[in-house]
Amino acid sequence: MSLLGVTTLTKSFAARRLFSIDTLTLQTGESYVLTGENGSGKSTLLRILAGIEVPDSGLGHYQDRCFNWQPYPDWLRREVIYVHQQPYLFHTSVADNIAYGLRVRGVEANQRQRLVAAAIAWARLTHLLATPPQKLSGGERQRVALARAWVLKPKVLLLDEPTANLDAESRRQTIDLLRGFCAARTTAVIACHDRDLIELPDMRRLDLASGQLCVGSFGIVSSSTSPSMACESTTRCR
Amino acid sequence: MLMAMPLGIGIGYLLATLEFPGRRPLIVVTQGLLASPTVVVGLILYLLLSRQGVLGPLQLLFTQTAMVIGQVLIALPVLIAFSLAAIQGADPRARETAVALGASAPRIAWTMLVEVRFALMAAVCNAFGRVVSEIGCSLMVGGNIAGVTRNIPTAIALETSKGEFAQGIALGIVLLVVALGINSAFAFFQGESRR
């Protein structure tokens, strides 16, 4: 079932057209890896889907509701969570960071505490609770950011290169957590170059190249290229 | 300071985050006002509050209220300019993270101010320093009336002009101790530097 989609989405920086996507539809409960060369627009696409950046043109739909980016609707922000490549942690505590989204949503203190405790256990962060967030390693920050997203039970999770610049152990732990998200049937789009992530079971593949988006074995994308070119792109992605 | 802080920091935040025509000239003017002599601020306020001035009917000249207005005007450029710099210099991911986690505009503003609190408290300390050490504006719009509009800097100036240096030095020490105490309180709210 279609969850989040965009049509005729374009983005340029100055005279350079970054991408032009005719349609992109994310299915409920499916996980996608978004691949492409550096500078191909992967992060920008995720940021647009999350409402952090505004496209030049395009329309979106979430289930049966349409939206655009002028402004990005508040109700959709509650469903879609974006995590930076290098997540930012607020200068409070690990627990407060995880509780931030719950506080924003007005979750009452007792329930918030219970949910944060569950998220801490899920991401195995108990031993880091007393550590100031700014003293955490890259992998630990990534896990705190994933716990901060997990606790909100988002319908759509957008992750920008979650395993980039991590050592082997941190990568393994991060990928384990991502498996948890996938198992929970969260619709996830993960921009990455990490082969271990790309090869996770049931992971669909999106490839952004030369401003066009094509899809792997489960094609749900069309681009503004001619049919033959789109077919060629799709073949290249497989 | 209690009046100037929310006003100055609020304007600084809006200048840092909103795009509107005239924003850049406004920033330049604010930064230019950092160098304005307090006696000039006092003179302008004096002209506004004097009997023939626009605000003359309010009869505020030579009152504590006039001195407070003057000190707010002196503190505002410092608070605005330094808050603006603090918020513009913040990590852009801080705002994006708050947005991505669904925060409302007021919550985003509060989050950003908390994130840059070290720099903000430096702005507050700076503005407080400017206010507590100024004499020109207080003399002009307060009139240095004993028991009514005389504050420590104007008292020091008066005692020194009378040749009462010991009294001036004693008042100076009191002023420094008060300033140190209040700055220590600011430092408490400032917290640790992030690095």
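The residue count restarts for each chain, going from 1 along the sequence in the order it is written. Here every chain gets a letter starting at A, and every ligand a number starting at 1, in the order they are written. In keeping with the model being predicted, local features are shown solely for residues with a pLDDT of at least 70 and side-chain atom pairs are shown and tallied solely at 80 or more, while totals for entire chains, interfaces and linings include all residues. Note that the side-chain values use all heavy atoms of the structure and ignore hydrogens as well as water.

Undergrad: I would appreciate a short explanation of helix H1 (residues 42–49) of chain A in the present structure.
TA: Side chains three or four residues apart in an α-helix point the same way, a direct result of the helix having 3.6 residues per turn. A 1.4 Å probe rolled over the protein chains alone gives each residue an accessible area, and that area as a share of the maximum for its type sets the label: buried under 20%, exposed over 50%, partly exposed in between. To qualify as a helix, a DSSP run of H or I must reach at least 4 residues; to qualify as a strand, a run of E must reach at least 2; elements of each kind are numbered from the N terminus. Within H1(A), seven of the eight residues are buried, leaving the element largely enclosed by the surrounding structure. Every buried residue of H1(A) is accounted for by Lys42(A), Thr44(A), Leu45(A), Leu46(A), Arg47(A), Ile48(A) and Leu49(A).

Undergrad: I tried to follow the pairing of strand E2 (residues 16–27) of chain A on my own but got confused; where do I start?
TA: Walk down a regular strand and you will see the side chains alternate between the two sheet faces. Residue and element names in this part refer to chain A. Only when DSSP finds a minimum of two bridges between them are two strands counted as paired. Pairing of strand E1 (residues 2–13) with E2, which is carried by ten bridges, proceeds in the antiparallel orientation. Following the sheet pairing, threonine 7 is matched in E2 by threonine 23. In this antiparallel pair of consecutive strands, E1 and E2, the connection spans two residues, and alanine 14 shows a positive phi of 55°.

Undergrad: Could you clarify how one ought to interpret the packing of helix H4 (residues 109–122) of chain A against helix H5 (residues 138–150) of chain A in this entry?
TA: Any two packed helices are characterised by the angle at which their axes cross and by the distance between the axes. Residues and elements named next belong to chain A. Axes here refer to lines fitted to C-alpha atoms; in helices the fit is confined to the stretch in contact. Angles between the N-to-C directions go from 0 to 180 degrees. Interhelical geometry of H4 versus H5 gives an angle of 135° and a closest axis separation of 9 Å. On the basis of their axis angle, the class for H4 and H5 is oblique. Regarding H4 and H5, the two cross each other, and that crossing is right-handed. On H5, the residues touching Ala118, Ala119 and Trp122 of H4 are Leu146, Ala147 and Trp150. In terms of residue class, the contact of H4 with H5 is made up of six nonpolar, no polar and no charged. Here is the rule for angles: anything less than 35 degrees is roughly parallel, anything more than 145 is roughly antiparallel, 65 through 115 is roughly perpendicular, and the remaining ranges are oblique. Whether a crossing is left-handed or right-handed is set by the direction in which the near helix is turned from the far one by less than a right angle, anticlockwise for left-handed and clockwise for right-handed. Working rule for contacts: check all heavy atoms of both residues, and any pair within 4.5 Å makes them a contact. For this classification, Asp, Glu, Lys and Arg are treated as charged, while Ala, Val, Leu, Ile, Met, Phe, Trp, Tyr, Cys and Pro are nonpolar and the rest, including Gly, are polar.

Undergrad: I'm lost on the pattern of salt bridges in this one. Help?
TA: Oppositely charged side chains may form a pair once their charged atoms are brought near each other. Any carboxyl oxygen of Asp or Glu that lies within 4 Å of a side-chain nitrogen of Lys or Arg is treated as forming a salt bridge with it. Applying the stated criterion across every chain yields a total of 13 salt bridges over all chains. Across the pair Arg172(A) and Asp176(A) runs a salt bridge, and its minimum N-O distance is 3.1 Å. Placement of the pair is Arg172(A) and Asp176(A) together in helix H6 (residues 168–183), with a separation of four residues, close to one helical turn. A salt bridge links Glu159(B) to Lys162(B), with the nearest nitrogen and oxygen atoms 3.7 Å apart. The class for Glu159(B) is buried, based on a relative accessible area of 13%. Look at the salt bridges and you will find they share partners, linking Lys11(A), Arg47(A), Glu53(A) and Glu96(B) into a network.

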